[in-house]
Each structure stands twice: as C-alpha cells, then as structure tokens.
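A look at the structure
Each chain is listed here by its residues.
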Amino acid sequence: MFCFGDAPPAPPVAAPAVACPEVAAPEPVAAAPGRSVVVAASAASSPAPAHSKAHLASLKVADLKKLAAEAGVKGASKLRKADLVEALLV
C-alpha cells in the first residue's frame, strides 16, 4: 500500500531475453552383461526441437519469422504467430 510520504513503488523491470539452451544428444547406453538395450525407433530417429514451445510463444512475431526463415520454413512471412510456433517445433 502506498501512503503519503512514502516513496512510490518502483516500476516493474522487464526480464532480459534468454535464448533457449541447446539440447545435447543423449549419451549411448551400454547394456549390462547378458542384457540388451531397446531404443524406441521414434526417439532414435527424430531430433529434439531446438526451442521449447513456451520459449517460442514468448517471442515476437518478427523474431519467429526470422527463426523460421533460418530454419527454411516455406511461406513463413505469411504465417500467424501460432502457426510459426508450430512450424518451428517440427
């Protein structure tokens, strides 16, 4: 609560933009003697997305279009924000 004579509250400060950390490939797993390791085909063949959905949704449309262009998304300049986010997650 703000009372007369008190200093006014400080305005909120915007958080600095933070880039998504790069996702490292998982380390190979060695099986114990007499055991085998089973890896799902979809997990082994599809790379993890470079950005999280939450991070992409927090970006401005101009930044999403730049990322989409760098990723080779066709027609990125005409996509809406939600469509850009989905295209970058594929």
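Right, let's walk through the structure included here. All values reported here derive from a predicted model rather than from experimental measurement.

**Observations regarding the pattern of salt bridges**
A pair can form between side chains of opposite charge whenever their charged atoms are brought close. Applying the stated criterion to the full structure yields two salt bridges. In this structure, the salt-bridge partner of Lys-53 is Glu-86, at a minimum N-O distance of 3.1 Å. Of this pair, Lys-53 sits in helix H2 (residues 53–58) while Glu-86 sits in helix H4 (residues 81–89), and the two are 33 residues apart along the sequence. Its relative accessible area of 49% is what places Lys-53 among the partly exposed residues. Linking Asp-83 and Arg-80 is a salt bridge whose minimum nitrogen-to-oxygen distance equals 3.5 Å. For Asp-83, a relative accessible area of 31% corresponds to the partly exposed category.

**Notes on the environment of Gly-75**
When you line up the elements, Gly-75 lands in the loop between helix H3 (61–71) and H4. Classification of Gly-75 by relative accessible area gives partly exposed; the value is 43%. Taking the C-alpha atoms as reference points, Gly-75 and Lys-65, separated by 10 residues in sequence, lie 9.6 Å from one another.

Calculation notes
- Residues numbered from 1 in each chain as written.
- Predicted model: local features only at pLDDT ≥ 70, side-chain atom pairs only at ≥ 80, totals over all residues.
- Heavy atoms only, no water.
- Salt bridge = Lys/Arg side-chain N within 4 Å of Asp/Glu carboxyl O.
- Helix = DSSP H or I, 4+ residues; strand = E, 2+ residues; numbered from the N terminus.
- Buried < 20%, exposed > 50% of the residue type's maximum accessible area, 1.4 Å probe, protein only.

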